[in-house]
Amino acid sequence: ANGQSFETFAAGDPQAPLLLFLHGFPEHARAWEKILPAFADKYYAVAPNQRGYGQSSKPTGIENYRVQHLAKDMLDLAGTLAPGKKIHLVAHDWGASVAYMMAFMAHARIATLTVLNGVHPIPFQRAILSDREQRQASQYMRFLRRDDAAPLLAESNYARLMAFMTGGFGGGRWMTDAERDQYLVNWSESGALEAMVSWYKATQLTVPKVDEIVTDDPLARINPTMVRVRVPHLVLWGEEDKALRPSCIDGLETFCDDLRIKKVAGADHWIVHQRPDIVIPEIHSFLKSHEGTL
């Protein structure tokens, strides 16, 4: 798809409506491993490793990780898996950025959009610039943009990278020893870490130092019609997220035609792993309410 090769995990009938699950950083398609089977009776549930992850293609060069290329990857992949059919999207973290761009680029091909602790670019940039708490929380992005980010993340058996998942973005315990071992295997794939941090180096988001004075929001100049979500949209939001603070979704409704936000207490950035008991029925209910959009 889009000149790249993608490793995918799937459950369900390939003739059923396509339900595409997009992972975030520093995860893997297996993040959805416990979720996919719950949708296999009615959907073709597919979780791809996106560009740079697992055994999917890892082109060199930061330009190759611009979000428009990542979105084109998934649109083309969906076109291969379900030609001529609309797509249901479920996305987390960076996967949400890709899913939003897919909705901006090709809303007629999207049936529904579900986002779990992920952000629309305009409210997110606004939060980074105007909310000190969010700016502080986003400083990790400055680290990941460093030239030496990849080798530093690999030090001490990927200790810093594991810390993102067990403390930096949340803190709630959820990872089993088997899951930990699987992440280490995936991060060890040749070229994976450099590709993964390239997503951060390629983004046009501005992340100033905590006390830096910034008066210009470059994304504020974007025509709002170009970043409007015109499809039914559900946001599931773990309220204890340390990486994405509540201000990230302030004003999101002004960019959406049909938005529902469900806040989940007792969950943080890793809501997919922590609260499948809520995630699965909420997505099922949302999809059922919009079955006529296909």
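Heads up: these notes are all about the structure in this document. In this text the structure is predicted, and so the values were computed from the model without any measurement. (Residues numbered from 1 in each chain as written. Predicted model: local features only at pLDDT ≥ 70, side-chain atom pairs only at ≥ 80, totals over all residues. Heavy atoms only, no water.)

**As for the overall build of the protein**
Rules: Secondary structure elements follow DSSP: runs of H or I no shorter than four residues count as helices, runs of E no shorter than two count as strands, and numbering proceeds from the N terminus. Only the C-alpha atoms count toward the radius of gyration. The rule for a globule is 2.2 Å times the residue count to the power 0.38. Per-residue accessibility, obtained with a 1.4 Å probe over protein chains only, is compared with the maximum for each type, and a residue is labelled buried under 20%, exposed over 50%, and partly exposed between these values. Contacts between residues were defined by any pair of non-hydrogen atoms, one from each residue, lying within 4.5 Å. We treat Lys and Arg as the positive residues and Asp and Glu as the negative residues; His and chain ends play no part in the count. Charge coordinates come from a single atom per side chain, which is NZ of Lys, CZ of Arg, CG of Asp or CD of Glu.
Assigned secondary structure in the protein consists of 10 helices and 7 strands. Relative to the globule expectation of 19 Å for 294 residues, the C-alpha radius of gyration of the protein, 18 Å, shows essentially globular dimensions. Projected onto its principal axes, the C-alpha coordinates of the protein cover approximately 50 × 40 × 40 Å. Going through the 294 residues of the protein one by one, you find that 55% of them count as buried. Taking as baseline every contact in the protein between residues at least 6 positions apart, the subset at least 24 positions apart corresponds to 78%. Mean positive and mean negative side-chain charge positions of the protein (31 and 34 charges, respectively) differ by 3 Å.

**Description of the sheet that holds strand β1 (residues 8-11)**
Stated precisely, the cut-off is as follows: Strand pairing requires that DSSP identify at least two bridges connecting the strands. The axes used here are C-alpha line fits, helices contributing only the stretch in contact, and every angle between their N-to-C directions lies in the interval 0 to 180 degrees.
Ordered by their spatial adjacency, 7 strands build an open sheet running β1-β3-β2-β4-β5-β6-β7, and the pairing between neighbours is mixed. At either end of the open sheet lies a strand with only one pairing partner, and these are β1 and β7 (259-264). Averaged over all pairs of adjacent strands, the angle between strand axes in this sheet comes to 15 degrees, irrespective of strand direction. One ladder, built from 6 bridges, connects strand β6 (residues 233-238) with β7; its direction is parallel. Directly across from L236, in β7, lies its bridge partner K262.

**Description of helix α3 (residues 121-130)**
Of all 10 residues that make up α3, 7 are buried, and the element is covered over most of its length. Of the surrounding secondary structure, the elements contacted by the buried residues of α3 are α4 (132-137) and α5 (139-144).

**Observations regarding the side chain of D217**
Put simply, the rule reads: Between Lys or Arg on one side and Asp or Glu on the other, a salt bridge is scored when a side-chain nitrogen of the former is within 4 Å of a carboxyl oxygen of the latter. Within 3.5 Å is the distance limit for a polar contact, defined as a pair of N or O atoms, with the added protein rule that one can donate a hydrogen and the other accept it, and that residues adjacent in sequence qualify only through two side-chain atoms.
Position of D217 relative to the elements: it lies in the loop between α8 (192-202) and β6. Buried and unpaired, D217 has R126 as its nearest opposite-charge partner, separated by 5.3 Å. Here the side chain of D217 touches L219 through a polar contact of 3.1 Å, landing on its backbone nitrogen. Once residues lying within four places of it in the same chain are set aside, the contact partners of D217 are Q125, R126 and L129.

**Describing the side chain of S247**
If you trace the backbone, S247 turns up in the loop between β6 and β7. By relative accessible area, which is 15% here, S247 ends up buried. Beyond its immediate chain neighbours, meaning those up to four positions away, S247 contacts P123, A127, D131 and Q134.

**A short note on the pattern of salt bridges**
Under the criterion given, the structure shown has 15 salt bridges. E33 is the partner of R30 in a salt bridge, and the nearest nitrogen-oxygen pair spans 3.1 Å. R30 sits in the partly exposed class, given a relative accessible area of 31%. For E291, the salt bridge is made with K42, and the minimal N-O distance between the two is 2.6 Å.

**Some details on the packing of aromatic side chains**
Given two aromatic rings, their pairing is described by the distance between the two centres and the angle made by the two planes. Note the following rule: Two aromatic rings, drawn from Phe, Tyr or Trp (for Trp, its six-membered ring), form a pair once their centres lie within 6.5 Å of each other, and the interplanar angle then sorts them: stacked below 30 degrees, edge-to-face above 60, tilted otherwise.
The tally for this structure, following the rule as stated, stands at 17 aromatic pairs. Aromatic side chains W94 and Y200 sit 5.7 Å apart centroid to centroid with 90 degrees between the ring planes, which places their arrangement in the edge-to-face category. Taken together, the residues span a long stretch of sequence, with W94 in helix α2 (residues 94-105) and Y200 in helix α8 at a distance of 106 residues. Of the residues examined, Y200 reaches a relative accessible area of 1% and is grouped as buried. Ring centres of W174 and Y183 lie 6.4 Å apart, and the angle between their planes is 85 degrees; this geometry places the pair in the edge-to-face category. The two residues W174 and Y183 agree in class, both being buried.

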